[in-house]
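As a plain string of letters, each chain reads:
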Amino acid sequence: VQMVATAWDETLGGREFDWRLASYLADVAAQQSGVDVRANRRAMASLLAEARRTKEVLSANAVATAMVEGLVGDFDFRHDVSRRQFEALCADLIARVAGPLRAALAQAQLS
């Protein structure tokens, strides 16, 4: 195997997708609980971990359930997320993926 080109976007990666989903889940949790979940670091860390797990489940399934027991106080969070919803939340990030691919192909003089 010979590498003929490299390209990347330093501001684009799996973590950005995780944060986007965690932000959405925080909005839903705030609506369900009446509590500003973003103000609680522990709750946001839990939502970020659950967002990553949910993202991974959505890679193979059309729907995943995000669940965090005791998210804030005794509030147990549960929300179904579809792959379509996730893709809509991350549409701008997904569109950015093509840039580095095109740059690498151009450097390698491939089409």
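Residues numbered from 1 in each chain as written. Predicted model: local features only at pLDDT ≥ 70, side-chain atom pairs only at ≥ 80, totals over all residues. Heavy atoms only, no water.

Undergrad: Help me understand a nonpolar patch on the surface, please; the structure alone is not making it clear to me.
TA: On the surface, Val-4, Leu-105 and Leu-110 cluster together into a nonpolar patch covering about 270 Å² of accessible area. Along the chain, Leu-110 turns up in the segment after helix H4 (91-107). The exposure class of Leu-110 is exposed, given its relative accessible area of 51%. (Patch = residues over 30% accessible without salt bridge, like charges linked within 9 Å, V, L, I, M, F, W, Y side chains within 5 Å. Areas by Shrake-Rupley, 256 points an atom, 1.4 Å probe, with all protein chains shown as cover. Salt bridge = Lys/Arg side-chain N within 4 Å of Asp/Glu carboxyl O. Helix = DSSP H or I, 4+ residues; strand = E, 2+ residues; numbered from the N terminus. Buried < 20%, exposed > 50% of the residue type's maximum accessible area, 1.4 Å probe, protein only.)

Undergrad: Would you take a moment to explain the nonpolar core for this structure?
TA: Soluble globular proteins tend to pack their nonpolar side chains together in the buried interior. By size, the foremost hydrophobic cluster in this structure holds 27 residues, and its most contacted members are Leu-25, Val-37, Leu-47, Leu-71 and Phe-77. Of all elements in the fold, only helix H1 (14-33), helix H2 (41-58), strand S1 (63-72) and strand S2 (75-82) reach the threshold of two or more residues within this core. No other element matches the eight residues that H1 contributes to this core. Discounting chain neighbours no more than four positions away, the residues touching Leu-25 are Leu-47, Ala-51, Ala-66, Phe-77, His-79 and Val-81. (Core = buried A, V, L, I, M, F, W, Y, C linked by side-chain atoms within 4.5 Å. Contact = heavy atoms within 4.5 Å.)

Undergrad: Honestly, the side chain of Ser-82 in this entry has me stumped. Any pointers?
TA: Locating Ser-82 in the fold gives a position in strand S2. Under the relative-accessibility criterion, Ser-82 is labelled buried at 19%. Once you skip the residues sitting within four places of it in the chain, Ser-82 turns out to touch Leu-58, Ala-62 and Val-63.

Undergrad: Looking at this model, I keep getting lost on the pattern of salt bridges. Mind explaining?
TA: Opposite charge on two side chains lets them pair, provided their charged atoms get close. Going through the model one piece at a time under the given rule, you end up with six salt bridges. The partner of Asp-92 in a salt bridge is Arg-20, and the shortest N-O contact between them spans 2.6 Å. Of this pair, Asp-92 sits in helix H4 while Arg-20 sits in helix H1, placing them 72 residues apart in sequence. Residue Arg-20 is classed as partly exposed on the basis of its relative accessible area, which comes to 27%. Here Arg-38 makes a salt bridge to Asp-27, at a shortest N to O gap of 3.0 Å. Of the two residues, Arg-38 is situated in the loop between H1 and H2 and Asp-27 in helix H1; the sequence distance between them amounts to 11 residues. On the basis of relative accessibility, which here comes to 39%, the residue Arg-38 falls in the partly exposed class. Accessibility expressed as a relative area gives 39% for Asp-27, which makes it partly exposed.

Undergrad: Is there a simple way to explain the packing of H1 against H4 in this structure?
TA: Geometry of a packed helix pair, given as the angle between the helix axes and the separation of the axes. Relative to each other, H1 and H4 sit at 165 degrees, their axes nearing to 10 Å. The angle between H1 and H4 places the two elements in the roughly antiparallel class. For the element pair H1 and H4, the recorded crossing hand is left-handed. Two secondary-structure elements touch here, H1 through Glu-16, Phe-17 and Arg-20 and H4 through Asp-92, Leu-93 and Ile-94. Among the residues forming the contact of H1 with H4, the class breakdown is three nonpolar, no polar and three charged. (Axes fitted to C-alpha atoms, helices over the stretch in contact; angles between N-to-C directions. Parallel < 35°, antiparallel > 145°, perpendicular 65-115°, else oblique. Left-handed = near helix turned anticlockwise from the far one by under 90°. Nonpolar A, V, L, I, M, F, W, Y, C, P; charged D, E, K, R; others polar.)

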